[in-house]
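Residue-level structural notes
Below, each chain spelled out in residue letters.
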Amino acid sequence: MKVVVLTGGVGGARFLRGIVAAIDPATVTAIVNVGDDLEVLGLSISPDLDSVLYALAGISDEERGWGRADETWNALASIEALGGESWFRLGDRDVGLHIVRTNELRTGEPLSAVTARLTAALGVDATILPATDDAVRTWLDTPNGSFSFQEWFVARAHRDPVDRTRFEGATAARPAPGVLEALHDADLILIAPSNPFVSIGPILAVERIRSALERRRVPCVAVSPLIGGRAVKGPAAAMLQRLQGGTTAAHVTQCYPGLIDALVLDEEDAADAEAVSQLGVRPVVAHTLMHDPAARKRLAEAALDAVAFA
Ligand code: GDP
Ligand code: CA
């Protein structure tokens, strides 16, 4: 069985760890958001690809929730002392990867090829693909102005309410090599419990990825990032409230019109199941908080088993 997972960073990476614990990692392809990518101090940084890579390599920091375990911050301290750009948190070990990636991109290698090499170097058996090798950049329109994703998320701590998301470059963006093939060959497509607007949104903004999903012949199952109508972390609930009109599992379902066949929702939201069902999507109630390896694996199994298929 081949499984494709559409994913953002932290929430998606946690879910992917459960998936590769539940099934053979070699059968798993992650299609990862690149809308958050940025350049800092001349370094090309892909936060969501790195979260997925570090998580699947088993070297992510579980407590902090992002970046690498056993991280030190000497480079950043030095950058700060020298008056360099220091708003974006870069750990020493993390910087090592950014230097390698930046250098390879500069020789003209596409991001997908660089990612494949990094994945192999870290001994990860799953396939990790950027949604696109082209530049797609997320912008948020807010009452206080328009901000690039990282400025809004990191520098302004995602406090500005979002009126609109825009994905610069998405119209012209082509799926990265392997993306359409993976979707075409998949027996099951999963949407991780990632932020629907700023993690999954930029992936689906690539027209040929969205149309491949619309024309799928296999089930697509999403996992809700909300528990009890609240995000485990980050701006998902606030965005759902403002952009979708509410934070129930039905509102999550409506983020993926015509794109999903089942939604895994939390036990706390079990009362929403009927409303999800009325939208033509099968509700699957499960324990969705991934607080330890066993919980991650159980949630992965709930998503994998959500739709019975031949
Ligand atoms: P980002 O790119 O690093 O922001 O990460 P994602 O978009 O992949 O994940 C962020 C989302 O993951 C948030 O909306 C969280 O609510 C969700 N999330 C994080 N941990 C969990 C969890 O244990 N269970 C569920 N259901 N969602 C989670
Ligand atoms: Ca992200």
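Please refer to the structure higher up on the page.
Quick look at the structure, then.

Reading the values: the criteria
- Residues numbered from 1 in each chain as written.
- Chains lettered and ligands numbered in written order.
- Predicted model: local features only at pLDDT ≥ 70, side-chain atom pairs only at ≥ 80, totals over all residues.
- Heavy atoms only, no water.
- Helix = DSSP H or I, 4+ residues; strand = E, 2+ residues; numbered from the N terminus.
- Rg over C-alpha atoms; globule rule 2.2 N^0.38 Å.
- Contact = heavy atoms within 4.5 Å.
- Areas by Shrake-Rupley, 256 points an atom, 1.4 Å probe, with all protein chains shown as cover.
- Pairing = 2+ DSSP bridges.
- Axes fitted to C-alpha atoms, helices over the stretch in contact; angles between N-to-C directions.
- Donors = N, O, S within 2.8 Å, 3.2 Å for Na, K, Ca; no water.
- Phe/Tyr/Trp six-rings, centres within 6.5 Å; stacked < 30°, edge-to-face > 60°.
- Buried < 20%, exposed > 50% of the residue type's maximum accessible area, 1.4 Å probe, protein only.
- Lys NZ or Arg CZ within 6 Å of the ring centre and 35° of its normal.
- Parallel < 35°, antiparallel > 145°, perpendicular 65-115°, else oblique.
- Nonpolar A, V, L, I, M, F, W, Y, C, P; charged D, E, K, R; others polar.

1. Looking at the overall build of the protein
- In terms of regular secondary structure, the protein is built from 13 helices and 14 strands.
- Relative to its length of 310 residues, the protein is compact, with a C-alpha radius of gyration of 18 Å against a globular reference of 19 Å.
- Each principal axis of the C-alpha distribution contributes one length, and for the protein these read about 60 × 45 × 40 Å.
- Contacts in the protein between residues at least 24 apart in sequence constitute 68% of all its contacts with a sequence separation of at least 6.
- Of the roughly 13,300 Å² of accessible surface on the protein, 50% is carried by carbon and sulfur atoms.

2. So, the sheet that holds strand 9 (residues 188-191)
- Here we have 7 strands laid out as an open sheet, ordered 5-2-1-9-10-13-14, and parallel in their pairing. Edge strands, defined here as strands with exactly one partner in the open sheet, are strand 5 (127-130) and strand 14 (282-286). Neighbour to neighbour, the strand axes of the sheet diverge by 20° on average, direction disregarded.
- As paired strands, strand 1 (residues 3-7) and strand 2 (residues 28-32) are joined by 5 bridges and run parallel to one another. Residue pairing across strands places valine 3 opposite valine 28, the latter belonging to strand 2.
- Sheet strands in contact with helix 2 (residues 47-57) are strand 1, strand 2 and strand 5, and its direction is about 175° off that of strand 5.

3. Some details on the coordination of the calcium ion (ligand 2)
- Donor atoms from the polypeptide that coordinate the calcium ion (ligand 2) comprise Asp36 (OD), Asp48 (OD) and Asp48 (OD), at 2.0 to 2.6 Å from the metal. Separated by 12 residues along the polypeptide, aspartate 36 in the loop between strand 2 and strand 3 (38-40) and aspartate 48 in helix 2 bring together distant segments of the chain.

4. Points about the sheet that holds strand 8 (residues 164-168)
- As summarised here, the arrangement of the 3 strands in space is 7-6-8, forming an open sheet in which the pairing is antiparallel. Every other strand in the sheet has two partners, leaving strand 7 (145-148) and strand 8 as the edge strands with one partner each. For this sheet, the mean inter-axis angle between neighbouring strands, taken without regard to orientation, is 25°.
- Across 5 bridges, the pairing between strand 6 (residues 137-142) and strand 8 is antiparallel.

5. Remarks on the packing of aromatic side chains
- Summed over the entire model, instances satisfying the criterion amount to 5 aromatic pairs.
- Consider the rings of tryptophan 66 and tryptophan 73, whose centres lie 6.0 Å apart with planes at 70°: the pair is edge-to-face.
- Judged by its relative accessible area of 29%, tryptophan 66 is partly exposed.
- An aromatic cluster of three or more residues is present, and its members are Phe149, Trp152 and Phe153.
- The ring of tryptophan 66 has arginine 64 sitting right over it, with the charged end atom 5.0 Å from the ring centre.
- Over the aromatic face of tryptophan 73 sits the side chain of arginine 89, whose NZ or CZ is 4.6 Å from the ring centroid.

6. Quick notes on the packing of helix 1 (residues 10-22) against helix 13 (residues 293-304)
- Running from amino to carboxyl end, helix 1 crosses helix 13 at an angle of 75°, the nearest separation of the two axes being 7 Å. As summarised for this structure, helix 1 and helix 13 are arranged roughly perpendicular, according to the angle between their axes. Contacts between helix 1 and helix 13 involve Arg14, Phe15, Arg17, Gly18, Ile19, Ala21 and Ala22 from the former and Arg296, Lys297, Leu299, Ala300, Glu301, Ala303 and Leu304 from the latter.
- Classifying every residue of the contact of helix 1 with helix 13 gives 8 nonpolar, 1 polar and 5 charged.

The values reported here are purely geometric and, on their own, carry no functional implication.
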